[in-house]
Every structure is written in structure tokens, then in C-alpha cells.
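# Topology and contacts: notes
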Amino acid sequence: MASPLLLLLSLLLPAAAFYLCCVRRHTGSAGAVLRRREPGRAEKRGRSPPRDAWAPRLCGSGLRLFVHVANTAFGQICLLPFLIRLNNFSLMRSLDIHEDPTFIPEVAAEVTEEKSEAKSTSDIIEQLVDTRSDSASNGFSFKGIKDYLDCYRSGKLTPSQVATNIIAVLEDCDKSTPPLRAIVQWDREQIMLMAEASTVRYRNKSTLSYLDGIPVCLKEEFKVVPYHHRVGTVYLGTEPETEDATVARKLREAGAIIIGVSNMHELGTGTTGCNPNRYHKIPRNPYKPNHYTGGSSSGSAAAVAAGLCPVAIGTDGGGSVRIPASFCGVVGLKGTFGRISSHGSLPLSYSTVSVGKRTRAPLQGSCCVVFSQGRRSEPTKDLGRKVLFTPCHVFTTDLSFTGPICTSVADAAIVYSILAEPDPLYPYGLKQPKATLSDMCAPDLKGLKLGVDWTFFKACDAEVLSICEKAVEHLRSLGASVVEVSLPEMEEVRVAHVICILSEMRDFLQPDFNKHFHEMNLDTRANLALASQFTALDYITANRQRTRSMRFLQEIFSTVNCILTPAVACTAPRIYESDLLTGSSDSSFTVQSMRFMQLGNFTGIPGLVVPIGYSTAGLPVSFQVMAKWWDEAVLLRIGLKLEQFRHQTKKPSIYYDILA
């Protein structure tokens with residue numbers, strides 16, 4: 001495979017130099033013509049599907065050569081600028097945007113009159129626990145929270161017995177061929193301590209929550225005592241952690257059994273889950289072990305789909321919860337920006353993914369814009385106004401989309417209700433509205449308006465499209481109105497999101513890039529080399545685009561309750577033998593997999609992915625619902641109905657029944 005790639009690169013390098021010479025006069029020159037964007041008005045042009053990226057899939061010797069050349073003077077001056085232009089990542093340089101930049105997509109909650117709900121959140125959770133949405137009578141069903149609770153309450157099993165089963169499975173699953181590699185760190189003693197404490201509580205009828213005794217795992221991006229906080233690398237987390245991330249602490253307080261920390265794409269820099277380093281290796285998709293799980297929360301999705309635990313926690317900066325959940329056929333929820341605390345996760349990206357406690361000196365005077373869900377007013381420090389423009393120490397705080405990956409929508413709702421609340425250690429979401437599950441168990445979807453941009457919706461594989469179109473009709477049959485909407489400037493969103501996340505990751509990881517360059521995976525080095533091409537002007541303009549995109553969404557959500565899309569435009573890709581040794585870099589796949597994810601990360605709106613079917617090859621296909629800021633309840637309500645669309649759940653090739 002390497003020979004054609006080497007030939008391709010040998011042709012690409014001189015072409016890059018020639019191309020750059022031809023176009024240099026058009027970039028950054030005094031006479032360059034900028035395309036003006038009128039404030040608050042979407043660009044009027046013909047609707048076309050989003051652009052695909054162009055770059056060869058690289059692995060083995062070809063990837064090694066590319067990484068070497070990319071980090072030379074020639075690569076920085078010729079090759080990478082060529083790829084930047086070829087993939088339209090230079091788009092921001094041609095735009096004249098007058099809106100103020102929004103660096104942090106935090107949105108103030110709507111001020112509405114409080115109305116008493118027909119059912120409390122606890123009543124709704126109790127109803128969810130008492131009712132399964134995916135009936136086991138249709139064949140296989142994942143073992144979820146309800147199944148564990150039934151065993152504990154009936155006395156059929158105790159948490160200690162379940163923990164013993166899990167330990168046996170953890171020992172077995174990495175001895176199999178190929179190894180699952182979902183959980184990369186676990187401790188027998190820790191698991192048994194938590195399980196025995198839970199067993200005593202069940203015996204004394206003093207359980208702490210619906211998660212008491214429920215096995216969970218957390219992505220290695222979170223600090224979890226006593227594990228190493230490696231974040232997918234070989235050089236971080238040299239000592240065991242002594243302090244839990246907020247989500248780990250809350251899970252312990254709820255009585256959950258933390259079975260370990262899960263695998264992830266190194267530093268969260270990819271969407272396949274490919275991580276060939278010695279501590280991690282590549283996790284396998286339980287449905288087809290020779291296919292990827294998706295990333296970067298790869299091990300979390302694999303653990304849930306393989307039955308190791310019904311609940312896992314991940315982070316989502318560009319679909320890193322939703323992509324692996326989709327590829328592994330389970331449910332993934334990304335809450336509103338700030339809804340669930342990310343304190344205690346590594347600060348990789350300030351505005352789209354996790355920022356943790358690995359701090360630098362604060363950047364005084366850096367700003368965040370907080371939107372209201374109404375008209376945007378001028379920047380002000382008057383706390384009584386709807387829009388705040390205040391100093392924000394973005395380099396020292398946590399900033400993230402943390403979310404659960406679960407066996408069902410009901411399980412996701414239970415975990416969400418426990419984790420979603422303000423955290424004094426996390427500066428975002430402190431004024432969030434109370435998390436509710438209002439109307440989640442309504443018998444139908446009457447009164448809901450579901451928005452679909454069909455041009456955008458159809459930008460996926462034909463097999464995925466066919467299943468997702470039928471899912472839309474299923475929702476319509478339950479009483480919802482399907483309204484055609486236009487999502488403006490989605491190519492600008494794609495490019496701006498890439499600029500923001502890569503620029504912020506490169507900024508934070510610059511010391512690592514210099515000190516641990518040769519310890520990083522090849523694809524991580526390639527991504528960070530590409531990130532070095534973005535300028536301060538690119539970054540500011542991208543955040544101006546964020547302001548526009550958030551305003552457009554405010555207008556759209558004034559007419560519809562949510563936006564529907566496929567979850568991922570394709571099914572899980574195959575793992576090649578060379579990937580096991582060197583990893584791989586496939587920009588075309590990365591762009592395709594993130595296509596429907598980026599809007600939610602860029603603007604901070606919540607999104608839920610639900611499995612709705614399978615490809616002819618037996619790989620899961622999923623559907624996504626996005627709602628306005630803080631309205632996760634409507635996502636969960638629609639998600640419950642989407643689960644009814646999939647008439648049968650196929651059993652994964654790798655599945656452990658812990659309760660058997």
C-alpha cells in the first residue's frame with residue numbers, strides 16, 4: 001500500500017509548489033477582494049451539498065513520509081498551504097464579517113414564567129425505569145439500568161456478584177482475538193470496594209440513586225482516582241490520579257461502580273478511535289471487530305455496545321460522543337454547552353471540547369460573549385442586560401461538552417438528570433435552567449415542529465439516507481409536523497469549526513509538540529502540523545462566523561422545536577492491518593464523519609443520536625436530533641419515539657451478558 005502513496009506524494013509535492021506560486025498573488029494581498037457578509041443576513045446563493053475534503057488515506061510508510069515532510073520548511077511553506085486551500089480551509093480569509101466574535105458559545109437561558117410540571121423529574125425517571133422502550137420480546141436487547149435494578153431489587157444478583165462477573169469479562173475481553181481494548185485501565189480492588197458498598201446499601205434499603213450499583217466507565221480524558229490521566233498518550237499521566245473530575249465524583253456519590261477508564265483517540269484528535277500506541281491499541285467495534293468504533297470516545301462506546309457496562313461518559317468536541325455511539329449502535333447525548341461540568345478533563349480546546357485543570361497563566365482581557373435567546377444587544381457589563389461581554393480566563397478553566405453513552409434513551413435521561421447541574425468548579429452553565437424531563441413520556445409528538453434542511457440532510461451515503469428518511473416519516477406519523485428549513489452558511493460552519501478546534505488544540509499542546517513530538521502518534525503530529533497554518537485572523541474570523549451561526553439558529557428555533565439530520569454520513573470504516581502498527585490519517589473520512597456534528601459543537605446546541613437500523617453489511621445506522629440551547633428534554637422525548645422505529649436490535653458480534 002505504501003508504494004502508490006509514495007508515488008502520489010512525489011507528484012503532490014511539486015504540484016503544491018507550483019500551485020502555491022500560481023495563487024500566491026490572490027492571498028493576503030492588498031488588492032484581494034473580500035466577500036462581505038451583511039450582519040444578521042444569511043448569504044444568498046444556490047444551495048449545494050457540503051464540500052468533501054480531498055486528501056489520500058495515509059498509513060504506513062506514506063504516513064511517516066507525510067508527517068516528516070509536513071514538519072519541514074518545505075512542508076510548512078508549500079505542502080500544507082496547498083492542502084489548506086485545496087480543502088477550502090482558507091475560506092475565512094475571503095470573508096468580510098462585521099459581527100463581533102463569539103469565543104465561547106454560552107447562551108443565557110430564556111426568562112420565562114415558571115410553570116408547574118404535570119410530573120416531577122423523579123416521577124418521570126420512575127416511569128422510565130418501569131417501562132422498557134425496546135421490548136425484549138423482539139429478540140435481543142441490551143442490558144440497561146432497568147435490568148440491573150431488577151436483579152438487585154429482586155435479590156437475583158448483588159452488585160458484588162455483578163462486579164465479579166465484570167472482572168472476569170475484563171480479563172477475558174483483552175485476551176480474545178482481536179482484543180476488544182475498550183477499557184484500558186481497571187483495578188480489581190477498586191471495583192470490588194464500590195460494589196460491596198453498594199451491596200450493603202441494597203441490603204439496608206438505603207440506595208443513593210438509580211445509578212447505585214450500576215457499572216460505568218469514563219473516558220481516559222477525565223481524572224479518575226486511582227488511574228493514570230493519560231488522555232490516550234504514552235507520555236501524560238505518569239502518576240496515578242489523586243483527585244476525581246466532577247463527573248467521576250458525582251457518579252461515585254450516586255453509588256455507581258466505576259469499572260475503569262476507557263480507550264480514546266490520542267488527545268481527541270481524530271474520529272476513528274485509531275490509537276496504536278503501546279498503552280491503548282485500537283478498540284474494536286462490537287458489531288464488526290474489523291471495523292472502527294469511531295472516536296474520540298472510542299472505548300466508551302465499545303464498552304457499552306459490548307455489554308461491559310450500560311453507561312459510559314465521553315467528551316464531544318466534534319462529535320466525539322455522537323460518532324462512536326452511532327458507529328457502535330448505542331445512544332449518545334451531547335448536552336448544551338456548559339450543561340454538564342467538564343472540570344477535571346484535559347484542556348484541549350477552549351470553545352468546542354474539554355478544558356481542564358492543566359493550567360497556564362490566565363489571559364487577561366480575553367472575552368466570551370454570552371447570548372440570550374432573543375435579540376443581541378451591544379456589548380455590556382450590565383448584568384441586567386440579556387447579553388454579557390465579560391473577561392473570561394479561558395486558559396485556566398474547564399470548557400467542554402461532556403455527555404453519556406448508554407444502551408437506551410431512557411438510560412441517557414437518567415444519567416443526564418444526575419449529572420446536569422451547575423458546578424462551582426466549572427465557570428460555564430452556572431446560571432443554567434434546571435434540567436427537566438418535561439413531556440418526555442408523552443404518548444405522541446403532537447404539537448412539535450421538526451425542521452429538516454433536505455439539501456444538508458441528503459449529504460450522506462444512499463443506504464444511510466434511505467433509513468433516515470423513513471425515520472422522519474415515522475416521527476411524522478406520531479403527530480409531529482415536519483417543516484423544511486434552511487441551515488445557512490454550513491460550509492462556513494465546517495471551516496470555522498475546524499479552525500477553532502485545531503487552533504485551540506495546537507495552542508494548548510504546543511509544549512507537548514516540542515517536547516514529546518516523537519512520542520505522539522503520526523496522525524496527531526499531522527493534525528497539529530496542519531493546525532499551525534491557521535492565523536490569528538483565521539481564528540478571529542471563525543469566531544465572527546460563530547456569532548452569525550448562533551443568530552441564525554435563534555431564528556430557526558423560533559419556528560421549529562428541533563433540527564433533524566442523519567447522525568453520521570456513513571457507517572464505520574474498516575481497520576487495515578497497517579493501521580495496527582502506524583495508525584492512519586484520512587481527512588476525507590474525518591470531514592464526512594463530522595459533517596452533521598459540527599453545528600452543535602460550534603454553536604453550543606444539544607444533540608442526541610439514536611440507532612435506527614443497520615446497513616446491508618450489518619453496521620449500525622443512527623439518527624440525530626438537535627434542539628435549542630437548554631432544551632435537552634425535547635431531544636429525549638423524540639429519542640424515545642425514534643427507538644420504536646427500529647423494530648429489532650441485532651446482537652453485536654462481541655457481547656458479554658454480565659447478568660447471565
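Everything here concerns the structure above.
The text that follows walks through the structure, step by step, so that each part is easy to find. (Residues numbered from 1 in each chain as written. Predicted model: local features only at pLDDT ≥ 70, side-chain atom pairs only at ≥ 80, totals over all residues. Heavy atoms only, no water.)

## Concerning the overall build of the chain
Within the chain, the secondary structure is distributed over 20 helices and 18 strands. Summarising the internal contacts of the chain: among those between residues at least 6 apart in sequence, 81% fall at separations of at least 24. Accessible area for the chain stands at about 24,300 Å²; split by element, carbon and sulfur atoms hold 53% of it. (Helix = DSSP H or I, 4+ residues; strand = E, 2+ residues; numbered from the N terminus. Contact = heavy atoms within 4.5 Å. Areas by Shrake-Rupley, 256 points an atom, 1.4 Å probe, with all protein chains shown as cover.)

## Regarding the packing of aromatic side chains
Under the definition given, this model contains 17 aromatic pairs. Taking the centre distance of 5.0 Å and the plane angle of 70 degrees together, the rings of F456 and F596 count as edge-to-face. Remark: F596 occurs in the loop between α18 (587–594) and α19 (598–603) and F456 occurs in helix α12 (residues 454–457); sequence separation between them is 140 residues. When its relative accessible area of 5% is taken as the criterion, F456 is described as buried. Between the aromatic rings of F557 and W629, the centroid separation amounts to 6.5 Å while the plane-to-plane angle is 75 degrees, which identifies the pairing as edge-to-face. (Phe/Tyr/Trp six-rings, centres within 6.5 Å; stacked < 30°, edge-to-face > 60°. Buried < 20%, exposed > 50% of the residue type's maximum accessible area, 1.4 Å probe, protein only.)

## Looking at the nonpolar core
With 199 residues, the main nonpolar core has L308, F623 and I638 as its most contacted residues. It is helix α14 (residues 490–515) that provides the largest number of residues to this core, a total of 13 residues. (Core = buried A, V, L, I, M, F, W, Y, C linked by side-chain atoms within 4.5 Å.)

## Quick notes on the state of the cysteines
Under the counting rule described, the total for this entry stands at zero disulfides. With no disulfide of its own, C217 has C309 as its nearest cysteine by sulfur position, at a separation of 3.8 Å. (Disulfide = S-S within 2.5 Å.)

## Examining helix α8 (residues 246–253)
Every buried residue of α8 is accounted for by T246, V247, A248, K250 and L251. Check the buried side of α8 and you find it contacts β6 (215–219), β7 (257–262), β8 (311–315), β12 (402–406) and α11 (409–419). Immediately beyond the C-terminal end of α8, within one or two residues, lies G255, with a positive phi of roughly 90 degrees.

## Focus on the packing of α11 against helix α20 (residues 632–645)
α20 packs onto α11 with a crossing angle of 160 degrees between their chain directions and a minimal axis gap of 9 Å. When the interaxial angle is binned, α11 and α20 end up roughly antiparallel. Only E632, L636, G639, L640 and E643 of α20 make contact with α11, whose side of the interface consists of V409, A410, A413 and Y416. (Axes fitted to C-alpha atoms, helices over the stretch in contact; angles between N-to-C directions. Parallel < 35°, antiparallel > 145°, perpendicular 65-115°, else oblique.)

## Focus on the side chain of S300
Within the element layout of this structure, S300 appears in helix α9 (residues 298–305). Here S300 is in contact with C217, L218, K219, S262, N263, A312, I313 and I405, once residues within four sequence places are set aside.

## Quick word on the environment of L659
You can see L659 is positioned in the segment after α20. With a relative accessible area of 6%, L659 lands in the buried category. For L659 and G307, which are 352 residues apart along the polypeptide, the C-alpha to C-alpha distance reads 9.6 Å. Residues within four places of L659 in sequence aside, it is in contact with K143, D147, Y148, C151, L157 and V162.

## What about the environment of I638?
By the secondary structure assignment, I638 is in helix α20. Overall, the relative accessible area of 0% leaves I638 in the buried class. Here the alpha-carbon distance between I638 and C562, two residues 76 residues apart in the chain, equals 9.5 Å. Ignoring anything within four residues of it in the chain, the contact list for I638 reads L445, L448, L450, L475, C562 and V625.

## Some points on unusual backbone geometry
Among all residues except glycine, the phi angle is most often negative; among peptide bonds, the trans geometry is most common. Backbone torsion omega between T177 and P178 reads -5 degrees, so that peptide bond is classified as cis. Residues G295 and S296 are joined by a peptide bond in cis, for which omega reads 15 degrees. Along the polypeptide, S296 turns up in the loop between β7 and α9. The backbone phi angle of K205 is positive, close to 55 degrees, even though this residue is not glycine. Mapped onto the elements of the fold, K205 is located in the loop between α7 (188–203) and β6. You can call K205 exposed: its relative accessible area is 77%.

## Regarding the side chain of S198
Locating S198 in the fold gives a position in helix α7. Looking at S198, its side chain comes within polar contact range of the side chain of D212, at 2.7 Å. Contacts of S198, omitting those with residues within four sequence positions, involve P159, D212, G213 and G255. (Polar contact = N/O pair within 3.5 Å; in protein donor to acceptor, adjacent residues only side chain to side chain.)

## Description of the pairing of strand β17 (residues 607–614)
Of all the eight residues making up β17, eight are buried; the element is thus mostly covered by neighbouring parts of the structure. Sheet topology places strand β9 (residues 331–334) next to β17; three bridges connect them, and they run antiparallel. Within β17, the position partnered with K334 by the bridge is G607. Of the strand pairs in this sheet, β17 and strand β18 (residues 620–627) are connected by seven bridges, and their pairing is antiparallel. When the bridges of β18 are listed, V609 appears paired with Q624. (Pairing = 2+ DSSP bridges.)

## Overview of the sheet that holds β7
Here 11 strands make up an open sheet; going across it, the order is β5-β7-β6-β8-β12-β9-β17-β18-β15-β13-β14 and the pairing mixed. Unpaired on one side and paired on the other, β5 (183–185) and β14 (481–484) mark the two borders of the sheet. Strand-to-strand, the axes of this sheet are offset by a mean angle of 30 degrees, without reference to chain direction. Across the sheet, helix α6 (residues 159–173) lies against β5, β6 and β7, angled at about 20 degrees from β7, the strand it touches most.

## Quick word on the packing of helix α2 (residues 60–70) against helix α15 (residues 522–531)
Taken N-terminus to C-terminus, the directions of α2 and α15 make an angle of 35 degrees; their axes are 9 Å apart at the nearest point. Crossing hand, α2 versus α15: left-handed. Judged by residue contacts, L63, R64, F66, V67 and A70 of α2 engage L522, D523, R525, A526 and A529 from α15. For the contact of α2 with α15, the per-class residue count stands at seven nonpolar, no polar and three charged. (Left-handed = near helix turned anticlockwise from the far one by under 90°. Nonpolar A, V, L, I, M, F, W, Y, C, P; charged D, E, K, R; others polar.)

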